[in-house]
Amino acid sequence: MVREPRSLVAAPVSTHRQSAEELVDRTYRLIYAALFKLTGGDAELAADLTQETYRKAWAGLAKFEGKAQLSTWLYRIAYTTFLNHIRRPRLFVRMDDVLASALPTDPAPHEDERLGRAEVEERLRKAVLELPDNLRFAVTARFWQGLPVTEIATLEEVSTVAVRKRLRRALRLLAQALTEKRT
């Protein structure tokens with residue numbers, strides 16, 4: 001059984017590693033899946049961000065107040081880690097046509113339906129990432145991570161009514177953004 005975070009902090013040094021492993025075993029799949037969705041299906045980036053999330057969580061475990069469930073607290077750290085990643089300036093290297101033509105191509109043609117679905121999912125993901133911060137967190141926590149409204153309210157330190165209003169506003173903005181991009 002995984003110890004509660006307060007007992008993890010107070011545990012003897014010899015049990016810290018075991019406690020950390022138990023914590024990761026219990027929550028890894030949820031955190032990785034959330035980051036996988038946020039990164040648009042980039043498995044390598046999701047794995048890197050998941051590792052960074054657990055590093056930050058372990059470093060900040062003493063600050064965990066127990067107001068929310070441990071998995072909810074970890075999701076918030078993962079979400080913030082993702083936001084920090086996408087906000088970092090990047091150096092882009094442009095591939096010239098010679099290098100691009102030397103890369104192997106996929107011999108199997110893509111199915112129109114699969115491609116269409118992937119395009120819609122990518123448009124939706126981009127639209128979600130363009131939402132204001134409080135709306136974006138509410139949407140990703142509720143629909144991508146499956147957190148209950150009460151947990152989101154606890155994390156955000158607002159009422160459940162406020163979370164529901166944020167979700168309605170976000171869905172309205174997403175519908176508008178997706179309709180505009182189609183036309």
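Treat the numbers as computed from the prediction; the structure is a model and nothing was measured.

Q: Before we go on, may I ask you to explain the overall build of the chain in this structure?
A: Check the secondary structure of the chain and you find 9 helices and 0 strands. Going from the N terminus to the C terminus, the chain shows its helices and strands as α-α-α-α-α-α-α-α-α. A burial count over the chain gives 35% of its 183 residues as buried. In the chain, the proportion of contacts linking residues at least 24 apart, taken out of those at least 6 apart, comes to 62%. Carbon and sulfur atoms make up 55% of the accessible area of the chain, which amounts to about 12,200 Å² in all.

Q: Just checking my understanding: could you explain helix α8 (residues 149-156) for this structure?
A: An α-helical turn contains 3.6 residues, so a residue and the one three or four places further along point in the same direction. Of the residues making up α8, those classed as buried are V149, E151, I152, A153 and E156. The positive-phi residue at the C-terminal boundary of α8 is E157, with phi of around 60°.

Q: Would you mind going over the side chain of E156 with me for this structure?
A: In this structure, E156 sits in helix α8. The class of E156 is buried, set by a relative accessible area of 18%. Side-chain polar atoms of E156 contact the side chain of R166, separated by 3.1 Å.

Q: Please explain the nonpolar core as it appears in this structure.
A: Generally speaking, a soluble globular protein has its nonpolar side chains buried in company with each other. I31, L35, W73, L74, Y75, F82 and V139 are the most contacted members of the largest nonpolar core, which has 41 residues in total. Those elements that provide at least two residues to this core are α2 (13-38), α3 (43-59), α4 (70-87), α6 (112-129), α7 (133-144), α8 and α9 (160-182). Ranked by residue count, the leading element in this core is α4, at 9 residues. Residue contacts for F82: discarding those within four places in its chain leaves L35, L38, T39, L49 and L129.

Q: Sorry if this is basic, but what is going on with the pattern of salt bridges here?
A: This structure, assessed with the given rule, holds 6 salt bridges. For the salt bridge of R136 with D133, the shortest nitrogen-to-oxygen distance reads 2.4 Å. Here R136 pairs with D133, and both are found in helix α7, just 3 residues apart, close to one helical turn. Take R136: its relative accessible area is 7%, and that puts it in the buried class. Among the residues examined, D133 registers a relative accessible area of 39% and is labelled partly exposed. With its nearest N and O atoms 3.1 Å apart, the salt bridge here joins E156 to R166. Of this pair, E156 sits in helix α8 while R166 sits in helix α9; the two residues are 10 residues apart in sequence, bridging distant segments of the chain.

Q: For this particular structure, what's the right way to read the packing of aromatic side chains?
A: Any pair of aromatic rings gets described here by the distance separating the centres and the angle formed by the planes. Under the definition given, this model contains 6 aromatic pairs. Relative to Y32, the ring of Y28 has its centre 6.0 Å away and its plane inclined at 10°; by these criteria the two rings are stacked. Here the residue Y28 and the residue Y32 both occupy positions in helix α2, the gap between them amounting to 4 residues, near one helical turn. By relative accessible area, Y28 is classed as partly exposed at 34%. Note on Y32: relative accessible area 23%, which makes it partly exposed. Taken together, the ring pairs connect Y28, Y32, F36 and Y54 into an aromatic cluster. The ring of F137 has R76 lying over it, and the distance from NZ or CZ to the ring centre is 4.0 Å.

Q: For this particular structure, what's the right way to read the environment of I86?
A: Residue placement: I86 occurs in helix α4. I86 sits 47 residues away from T39 along the chain, and the two C-alpha atoms are 9.2 Å apart.

Q: Explain unusual backbone geometry to me, please; I cannot follow it from the model alone.
A: Comment: phi is negative for the bulk of residues other than glycine, and the bulk of peptide bonds are trans. Residues other than glycine seldom take positive phi values, yet E157 does so here, at roughly 60°. You can see E157 is positioned in the loop between α8 and α9. You can call E157 exposed: its relative accessible area is 63%.

What counts, and at which threshold
Residues numbered from 1 in each chain as written. Predicted model: local features only at pLDDT ≥ 70, side-chain atom pairs only at ≥ 80, totals over all residues. Heavy atoms only, no water. Helix = DSSP H or I, 4+ residues; strand = E, 2+ residues; numbered from the N terminus. Buried < 20%, exposed > 50% of the residue type's maximum accessible area, 1.4 Å probe, protein only. Contact = heavy atoms within 4.5 Å. Areas by Shrake-Rupley, 256 points an atom, 1.4 Å probe, with all protein chains shown as cover. Polar contact = N/O pair within 3.5 Å; in protein donor to acceptor, adjacent residues only side chain to side chain. Core = buried A, V, L, I, M, F, W, Y, C linked by side-chain atoms within 4.5 Å. Salt bridge = Lys/Arg side-chain N within 4 Å of Asp/Glu carboxyl O. Phe/Tyr/Trp six-rings, centres within 6.5 Å; stacked < 30°, edge-to-face > 60°. Lys NZ or Arg CZ within 6 Å of the ring centre and 35° of its normal.

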